[in-house]
Each structure stands twice: as C-alpha cells, then as structure tokens.
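# Structural overview for review
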Amino acid sequence: EDQVTQSPEALRLQEGESSSLNCSYTVSGLRGLFWYRQDPGKGPEFLFTLYSAGEEKEKERLKATLTKKESFLHITAPKPEDSATYLCAVQATSNMLTFGGGTRLMVKP
Amino acid sequence: EPEVTQTPSHQVTQMGQEVILRCVPISNHLYFYWYRQILGQKVEFLVSFYNNEISEKSEIFDDQFSVERPDGSNFTLKIRSTKLEDSAMYFCASRLDSNQPQHFGDGTRLSIL
C-alpha cells in the first residue's frame, strides 16, 4: 500500500526565514511526486511534478527536490502570502494520487 | 487560465436523500477524478474515469456512489442514499493525459444532517 507522510504538520516562520517541508513516501513504482498548495476553502493548486531521484524544480521562492525515499519543498525568504497548506502526493502504477496529510505553513510579517 | 468548476459550493442534505455533485472539467482534458476530504483528514481518492467508463475506484466508492459524464462538458458524482459519514469536501480533478498533473476544482462542501 502506498504511503505518504508529511512533516511537520504545522510550521510558523517569520517573513524572510527560510525553511524546508518534508514528504516521505513508500510506493511501488513511482511515476510521479506532486506538490500542491491549498488555501482555506479552496482546492489543491498544482505547483510541481518530480519524476526521478535527483530532479529539482523551482518556482519563485519555492524549490522542490526528490530522492528515492523523500521530497523536500524548500521555501526561501517566505512572505505572508506564502501562508497555506502544502500537500504532497504520489502516483504509482495507477492513475490515482495518494496524498499526505499536508504541512500548514504560517508566515508572519 | 482554464479551470475546473464545481457546483454547488455548499450542499446541505438530509440523511437518506440522494445528492448530485457537478463538475465541469477543463475542456480538452480526458481523465476525470473525484476525491474527498473529511474535515481534518487527508485527501482521499474515490474514482477515476476515462473513455466514458470507470478506470479505477477505491474501497470508499461502494454501490451508493456513481459517476456519469452525461454530455461533453459535465462530470457528476451521485450519492444515492447519503449517510452522516458522507459529510466531507468533494473535489473534482481533471488532466489532459496520464503524464500531466491533475488540476482540481475548489470543491463542494457536503453536509449531511
């Protein structure tokens, strides 16, 4: 059974304080690892797809990396508008996504 | 930018009643999905739909659930006889092909009384 665990559950940062979110996964035959952002009352918004160990993707203040067991979402010099829940999901041999529990990020000005 | 649209945003229904949740996927997408998120829990897969048939479903998707693509634009989820434990946020998602990411709508909050 595919499993995804995210840590920490919640993270409070000061504006400009860089940090990393972790996503550990156990899956047979990874086809892709996905990062989404979810704002309160909204659906998940796609950020990145990573396909193989060693791959990195960047978008503004966010950078996602992938190893054979985990992925990190690094946030550099965050701003209050980066406050959201960040979800990690994996796709194995089927088309479905298996989600982690998310990390709730709060960035204080 | 094209987006997945879901209606209604909030549905309140009496236990035992039927409910239909509606979704308009992104227009050229071929794969369609329903997920749900019970308050405080993970997003869970329900069903995937491709080429006018169910391609995969989870254990949650029992005989009380059904999906339909009645025309070229809508994708619906029907719950025949709702239970209290069906209360959740239901998300529709679509993607262009199996190598592209899934794009989600903003969900329908279903409250069963």
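The structure this text deals with has already been given above.
What you see is a predicted model; the values in this text were computed from it and never measured.

### Brief notes about the pairing of strand S1 (residues 3–7) of chain A
All names here are of chain A. By the alternation rule, side chains of S1 split into Val4 and Gln6, which are all buried, and Gln3, Thr5 and Ser7, of which none is buried. Pairing between S1 and strand S3 (residues 19–26): five bridges, direction antiparallel. In the strand pairing of S3, glutamine 6 is matched with cysteine 23.

### Things to note about the sheet that holds S1(A)
Residues and elements named next belong to chain A. Strand order in the open sheet made by the five strands is S1-S3-S8-S7-S6, with antiparallel pairing throughout. The two strands at the open ends of the sheet, each matched to only one other strand, are S1 and strand S6 (56–59). Strand-to-strand twist across the sheet, computed as the mean angle between neighbouring axes with direction ignored, equals 15 degrees. As judged from the six bridges shared by S3 and strand S8 (residues 70–75), these two strands associate in the antiparallel manner. The partner of asparagine 22 across the bridge, within S8, is phenylalanine 72.

### Overview of the nonpolar core
Ranked by size, the top nonpolar core spans 24 residues in total, and within it Leu33(A), Trp35(A), Leu73(A) and Tyr86(A) carry the most contacts. Only strand S2 (10–14), S3, strand S4 (32–38), strand S5 (45–50), strand S7 (62–66), S8, strand S9 (84–91) and strand S11 (103–108) of chain A provide two or more residues apiece to this core. For this core, the element with the highest residue contribution is S9(A), accounting for four residues. When residues no more than four places from it in sequence are discounted, the contact partners of Leu73(A) are Ser19(A), Ser20(A), Leu21(A), Trp35(A), Phe48(A), Leu62(A), Lys63(A), Ala64(A) and Tyr86(A). By size, the runner-up hydrophobic cluster in this structure holds 22 residues, among which are Val19(B), Ile38(B), Val47(B) and Phe61(B).

### Some thoughts on the interface of chain B and chain A
Contacts between chain B and chain A engage 19 residues on the former and 21 residues on the latter. The contact between chain B and chain A buries some 1,600 Å² in all, and 52% of this surface belongs to carbon and sulfur atoms. The three residues of chain B that bury the most area against chain A are Lys42(B), Val43(B) and Phe104(B), which together make up 28% of that side's buried surface. The salt bridge partner of Lys42(A) is Asp106(B), with a shortest N-O separation of 3.7 Å. Counting every contact that joins chain B to chain A gives eleven residue pairs in polar contact (both at pLDDT 80 or more). Counting only elements with at least two residues in the side of chain B that touches chain A, the list comes to strand S4 (31–37), strand S5 (43–50), strand S9 (88–95) and strand S10 (103–104) of chain B. Broken down by element, the residue count for the side of chain B that touches chain A peaks at four residues, all from S4(B).

The rules behind these values
- Residues numbered from 1 in each chain as written.
- Chains lettered and ligands numbered in written order.
- Predicted model: local features only at pLDDT ≥ 70, side-chain atom pairs only at ≥ 80, totals over all residues.
- Heavy atoms only, no water.
- Buried < 20%, exposed > 50% of the residue type's maximum accessible area, 1.4 Å probe, protein only.
- Helix = DSSP H or I, 4+ residues; strand = E, 2+ residues; numbered from the N terminus.
- Pairing = 2+ DSSP bridges.
- Axes fitted to C-alpha atoms, helices over the stretch in contact; angles between N-to-C directions.
- Core = buried A, V, L, I, M, F, W, Y, C linked by side-chain atoms within 4.5 Å.
- Contact = heavy atoms within 4.5 Å.
- Buried area = accessible area lost by both parts, 1.4 Å probe.
- Salt bridge = Lys/Arg side-chain N within 4 Å of Asp/Glu carboxyl O.
- Polar contact = N/O pair within 3.5 Å; in protein donor to acceptor, adjacent residues only side chain to side chain.

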